[in-house]
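If you want the building blocks of each chain, they are given just below.
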Amino acid sequence: MAISSSKNGGGFDPKRRRALKEIAASCVGAVAITTFLAGLGSLSRPLPAATLRPPGALGEREFQSACVRCGLCVRDCPYKTLRLAEAGDGPAIGTPYFLAREVPCEMCDDIPCVKACPTGALDHALVDIDKARMGQAILTGRETCLNMQGLRCDVCYRVCPLIDKAITLQVTHNARTSRHAIFEPVVHADACTGCGKCEKACVLDETAIRVVPLALARGAHDIHYRRGWIEKNKAGKELVPGIVDLPDRMPAPPTLSTIPKVPQ
Amino acid sequence: MTGNRNPGADARAQHGLWRASFWLIMRRVVQLSFFLLFASGPWLVIWIAKGTLASSMTLGVLPLTDPLIVAQSLAARHVPETLALIGAAIVLGAYLLIGGRVYCSWVCPINPVTDLAAWLRRRLDIGKGWVMKKQTRYWVLGAVLAASAITGTIAFELVNPITTLYRNLLFGLSWGLSLVAMIFLFDLFVARDGWCGHICPVGTFYGLINTHGLLRVSARGRARCDDCMDCYGVCPEMHVISPALKGKDDQSPIISSRDCTACGRCIDVCPERVFAFTHRFDERVDLQAPPAENELQNVA
Ligand code: SF4
Ligand code: SF4
Ligand code: SF4
Ligand code: SF4
Ligand code: SF4
């Protein structure tokens, strides 16, 4: 020991060695705890399709850094729309969410849930509830929706707080009867708040219209894909002048295999 | 080594159950009152404090937020709204003034759980168990902040038994109860005062601001101490006692360690009534021991 201990007084002092060992062990422990918590944290990240965040909620990633799971938003929701997640509900434990089919958001004018949120997990910049984007409605049951079968249910359309903006009825020819029209409920992403009133109201046992979180609902235009007619408008002229305009091709007559079978 | 299985028995015999349990009862009353301020809303529709210990709003005017949670949120790179920041500042200020770990003994709902485990552990004579390093808790606190920074989440809230227990009782959920049971079993079978004394980052955080608080326990009657060791038997942080109790005359009788939770159990169980609640600057010591029997015997 005496030989190996260096002249400057440092070296292999057993006390120091023990202290170093302890620090090393503590480091390992701290890293283990960090990894454990980090693992749990990432487990709770994706938001399942049926669960929606309250109005004004930050993006799912930022939401996890902001929401302290206090439930003040839940307490101040007059319609008992919001609830805190239990383990296994999907959203991170203790965070607020709602199920549109059970209790949709009534889109309160004064947005009490956002006002109650102390942390800004529900963004206080949201003052006009029509600007909320809790999710987006999609007619997932195009084949079961009564309107799509030529009936006039219209319930989802009628209950929408933004009727004729967020949801419209698009009239097309009813090929089955060839005499009537089909009034298809069409949701418009630029206006739909994702309140879920349509999903709640659908008269079918299994709803034909569902609100899903934005990240799942929305596509995006590929930036490399230029749509000629838009580019032309922007430029105010032909992009490639003097291009030969070929005659438009009419649809070919259907082959036998593609003729739809009309149910009797 | 067999520990003292029933510290406080002498105090009960000499001073009665009430005086030997006074501060314990007071603490349970205060802990329960804090909980009822929250529970009166969902249970009786009388809204006093809304939310949980993570963040709350009392009577619509007083916002309170757990400062460690705000610290984790900041580490996760989110700057909370002013309301949460004000709430955290109020809590921080209050505990800086009274003493940080007063939270542990007088507010935290886990304290009755770990107290029960400690009591049972003494009764069953389980001994010290796994002795953790005293710096473990600081590493845990560091790890919690690191995990928040790395994942961008408020990491400890995923497993925080304190807020989880409140949330479960107030919002009718059930997941937290298994966490509480784990802590109870850990404290009972694995390590004496394991959770609150060596791991809990909330307690550690409040310990860090427990350096200037006014509410303190003083061993002012230390001259009377007859080394029965009952105070060491009940103290959840027993290393804090010696400097005050065994201090020389020129040393302060105040238990000044930041680990002391100001639970007052030492006051209760001491048959010689050595300890008392007082403020940080009260340096008085009882000059003379009362003429105790053993002294008379010594003379004789
Ligand atoms: S806007 Fe109203 S109904 Fe919708 S979640 Fe907030 S408080 Fe509840
Ligand atoms: S009020 Fe805000 S911080 Fe509290 S649970 Fe709701 S979203 Fe989270
Ligand atoms: S979710 Fe349905 S009801 Fe609500 S705004 Fe969108 S389309 Fe309308
Ligand atoms: S309520 Fe349901 S069935 Fe009726 S139109 Fe809407 S989606 Fe179709
Ligand atoms: S150490 Fe933690 S769990 Fe224990 S009483 Fe203090 S805050 Fe509560």
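A. Up close: the pairing of strand 3 (residues 62-65) of chain B. Taking every second residue as pointing to the same face, the buried face of strand 3 of chain B carries P63 and T65 of chain B, while none of L62 and L64 of chain B on the other face is buried. Connecting strand 2 (residues 55-58) of chain B to the antiparallel partner strand 3 of chain B that follows it, the hairpin turn spans three residues, and L59 of chain B within it adopts a positive phi of roughly 50°.

B. Representation of the domain arrangement of chain B. All names here are of chain B. Per the domain assignment, the segments of chain B are domain 1 (48-208) and domain 2 (214-299). On the domain 2 side, the residues contacting the 17 residues of domain 1 number 16 residues. Summed over both sides, the interface between domain 1 and domain 2 buries roughly 1,300 Å², with carbon and sulfur atoms accounting for 43% of that surface. Where domain 1 touches domain 2, the interface holds three salt bridges.

C. Up close: the site of ligand 4. Around ligand 4 lies a shell of 13 residues, among which C145, L146, C153, C156 and C202 of chain A are the nearest. Class assignment for the residues of the shell around ligand 4 results in 11 nonpolar, one polar and one charged.

D. Examining the site of ligand 1 more closely. Near ligand 1 you find P55, C77, P78, Y79, T81, L82, C105, E106, M107, C108, P112 and C113 of chain A, and these make up its full shell. Each residue belonging to the shell around ligand 1 can be placed in one class, and the counts come to 10 nonpolar, one polar and one charged.

E. Looking closely at the environment of D230 of chain B. Residue and element names in this part refer to chain B. Take D230: it is sitting in helix 12 (residues 230-234). Each C-alpha atom, one on D230 and one on S148, is 41 Å from the other, the two residues being 82 residues apart in sequence. A polar side-chain atom of D230 sits 3.0 Å from the main-chain amide nitrogen of G8.

F. A look at the pattern of salt bridges. All names here are of chain B. Tallying each qualifying case throughout the model produces 21 salt bridges over all chains. A salt bridge links D115 to R28; the shortest N-O distance between them is 2.8 Å. Highlighted residues: D115 in helix 6 (residues 111-123) and R28 in helix 2 (residues 22-44), separated in sequence by 87 residues. Judged by relative accessible area, D115 falls into the partly exposed class, the value being 22%. K246 serves as the salt-bridge partner of D227, at 2.6 Å between the closest nitrogen and oxygen. With D227 in the loop between strand 4 (215-218) and helix 12 and K246 in the loop between helix 13 (241-245) and helix 14 (265-269), this pair connects stretches of sequence that are 19 residues apart. Judged by its relative accessible area of 47%, D227 falls in the partly exposed class. You can call K246 partly exposed: its relative accessible area is 37%. Here the salt bridges do not stand alone but share partners, grouping R101, R137, E237 and D259 into one network.

Parameters at a glance
Residue numbers restart at each chain and count upward from 1, following the sequence in its written direction. A letter from A marks each chain and a number from 1 marks each ligand, given out in the order of writing. Per-residue local features are limited, in this predicted model, to residues with pLDDT of at least 70; the limit for side-chain atom pairs, both in listing and counting, is 80 or more; totals at the level of whole chains, interfaces and linings are taken over all residues. Neither water nor hydrogens contribute to the side-chain values; these are computed over all heavy atoms in the structure. Burial classification: accessible surface area is computed with a 1.4 Å probe over protein chains only, and a residue below 20% of its type maximum counts as buried, one above 50% as exposed, and the rest as partly exposed. We count a stretch as a helix when DSSP gives it H or I for four or more residues in a row; a strand needs E for two or more, and each element gets its number in order from the N terminus. A pair of strands counts as paired when DSSP detects no fewer than two bridges linking them. What counts as a domain boundary in this text is fixed by an automatic or database domain assignment. Whether two residues are in contact is decided by their heavy atoms, any of which lying within 4.5 Å being enough. A quick way to say it: buried area is the sum, across both parts, of accessible area lost when two parts are put together, with a 1.4 Å probe. When a carboxyl oxygen of Asp or Glu is within 4 Å of a side-chain nitrogen of Lys or Arg, the pair counts as a salt bridge. By convention in this text, a residue qualifies as near a molecule or strand provided that one of its non-hydrogen atoms is within 4 Å of it. Polarity classes work like this: nonpolar for Ala, Val, Leu, Ile, Met, Phe, Trp, Tyr, Cys and Pro, charged for Asp, Glu, Lys and Arg, and polar for all others, with Gly in that last group. Any N or O atom pair separated by 3.5 Å or less is treated as a polar contact, with the protein-specific requirement of one donor-capable and one acceptor-capable atom, and with residues adjacent in sequence counted only for side-chain atom pairs.

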